[in-house]
Amino acid sequence: MAAALVDDTYAEAFKSIYVEFLVTARDRTWLQHAVNAATGHGSSTILCDCEAGVTRIVGPGGDDESFPTPDGRIGAIIQLHMPKFRPDRVEALEKAALARISQNVLTCPTAACFNLVDSDTYYQMGRKVSYFGNGWQFRDERYGRKVWVTPILSGEFVMDRRLGYTEGLMGGNLWFFGEDTDAALAAAERGVAAVDQIPGVNMPFPGGIAGSGSKAGSNYSFTIASTFERFCPTLQDEPEIDPGLPAGVSSVMEIIMNGRDLQSVIDATQAAIEAAKETPGLVRISAGNYGGKLGKNLIYLHPEKQPDSPA
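A quick note: this is a predicted structure, and the numbers were derived from the prediction, not measured. (Residues numbered from 1 in each chain as written. Predicted model: local features only at pLDDT ≥ 70, side-chain atom pairs only at ≥ 80, totals over all residues. Heavy atoms only, no water.)

Undergrad: So what about the pairing of strand β5 (residues 112-115)? Which residues, and what values?
TA: A two-sided burial pattern is seen for β5, the buried positions comprising A112 and F114 on one face and C113 and N115 on the other. The pairing of strand β2 (residues 10-24) with β5 spans four bridges and is classified as antiparallel. Bridging from a neighbouring strand, V23 pairs with C113 of β5. (Buried < 20%, exposed > 50% of the residue type's maximum accessible area, 1.4 Å probe, protein only. Helix = DSSP H or I, 4+ residues; strand = E, 2+ residues; numbered from the N terminus. Pairing = 2+ DSSP bridges.)

Undergrad: Break down unusual backbone geometry for me, citing the residues and quoting the values.
TA: In the Ramachandran plot, T110 falls in the positive-phi region, its phi being about 75° despite a non-glycine side chain. When you line up the elements, T110 lands in the loop between α2 (89-105) and β5. Of note, the phi angle at Y143 is positive, near 55°, even though the residue is not glycine. Within the secondary structure, Y143 is located in the loop between β7 (138-142) and β8 (145-152). Under the relative-accessibility criterion, Y143 is labelled partly exposed at 47%.

Undergrad: Describe helix α1 (residues 28-38), listing the residues and the values that go with them.
TA: Taken together, the buried positions of α1 are L31, A34, V35 and A38. Buried residues of α1, viewed axially, fall in a sector of 100°; they line one side. For α1, the elements touching its buried residues are β2, β3 (51-58), β4 (75-83) and α2. N-cap assignment for α1: the residue whose side-chain oxygen lies 3.2 Å from the backbone N of T29 is D27. (Arc of directions from axis to C-beta. Contact = heavy atoms within 4.5 Å. Polar contact = N/O pair within 3.5 Å; in protein donor to acceptor, adjacent residues only side chain to side chain.)

Undergrad: Just give me the short version of the packing of aromatic side chains, but keep the residues and values in it.
TA: With the rule as written, the count across this model stands at 10 aromatic pairs. Here the aromatic rings of W175 and F177 are separated by 6.2 Å at their centres, their planes lie at 50°, and the arrangement is tilted. Overall, the relative accessible area of 6% leaves W175 in the buried class. Residue F177 is classed as buried on the basis of its relative accessible area, which comes to 3%. Their ring planes at 85° and their centres at 5.0 Å tell us that F228 and F231 sit as a pair that is edge-to-face. The pair F228 / F231 is uniform in exposure class, with both members buried. Ring pairs connect the aromatic residues W175, F177, F228 and F231, which therefore count as one cluster. Sitting over the face of the ring of Y122, R162 holds its NZ or CZ atom 3.9 Å from the ring centroid. (Phe/Tyr/Trp six-rings, centres within 6.5 Å; stacked < 30°, edge-to-face > 60°. Lys NZ or Arg CZ within 6 Å of the ring centre and 35° of its normal.)

Undergrad: Could you give me a rundown of the nonpolar core, with the residues and numbers involved?
TA: Among the nonpolar cores identified, the biggest contains 35 residues, and V19, F21, L80 and I101 are the most heavily contacted of them. Of all the secondary structure elements, the ones that give two or more residues to this core are β2, α1, β3, β4, α2, α3 (125-130), β9 (155-160) and β10 (163-178). Per element, the largest residue contribution to this core is six residues, and it comes from α2. Beyond its immediate sequence surroundings of up to four residues, I101 is in contact with F21, L106, C113, M125, V129, M159 and L163. Among the nonpolar cores identified, the runner-up in size contains 31 residues, and L169, M253, M257 and A287 belong to it. (Core = buried A, V, L, I, M, F, W, Y, C linked by side-chain atoms within 4.5 Å.)

Following this line, the structure appears as structure tokens:
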């Protein structure tokens, strides 16, 4: 079977600010519980407080055992992203991180939390989370790091004093046009597996895949985004819609990628294309963009079109 056509187009990404932290636990089961809770309801800033996802499972028993964890246990690297265009981005990201760490990581049995962004800009997150200790919390040095220790029923919760934040990137994406749902989903799953191998990139939607897609803007004033009707299979025959699907396509799946920087998302994009392009029943690979109106960081599907020095 011939490889799917890769459109000569680009994904339009935009700047973010993000935090990146490591959650560790005694085993993979309890680590996964912490991850599920801490990244829940973090798919899209359309209505979520941030976009949240895991970049890698590291440490002993993890997918990348070469990454050392401070306490020598299995861990998950989690990123929380906030669009840079939000005027309240710094305060909003702190609020999202505080809620997720205090309510979803501190509460998870055996979990600990460590900062991974060494930056001049940071939140005093450890101190704020430790207020749960109601005066019994204390500063200490553990694993060669300055931490807050909070007494809890199961023992102690250990967290770095600072949580750094810096500039990142949101909105890298790929669209997989399939003959049917099975083909589109299989291609997207192959893409997700490839992106999982790229350090510093996460995919915030369920299983890394958005089956809904969206466009900026809506007919309703109370929402900022809506379904991309030109690409909905069931709307292709509507007279007022300019149909956008290629012939033979009845399902579209999307991967959205957020990351540390543009190059990381470029690498993830190319890895996903390479992994997915020969999926049986996949007709075309494309990407969503808005002519530069959403973001100025363009990620080209044809790598030869990418500038040598990404902005």
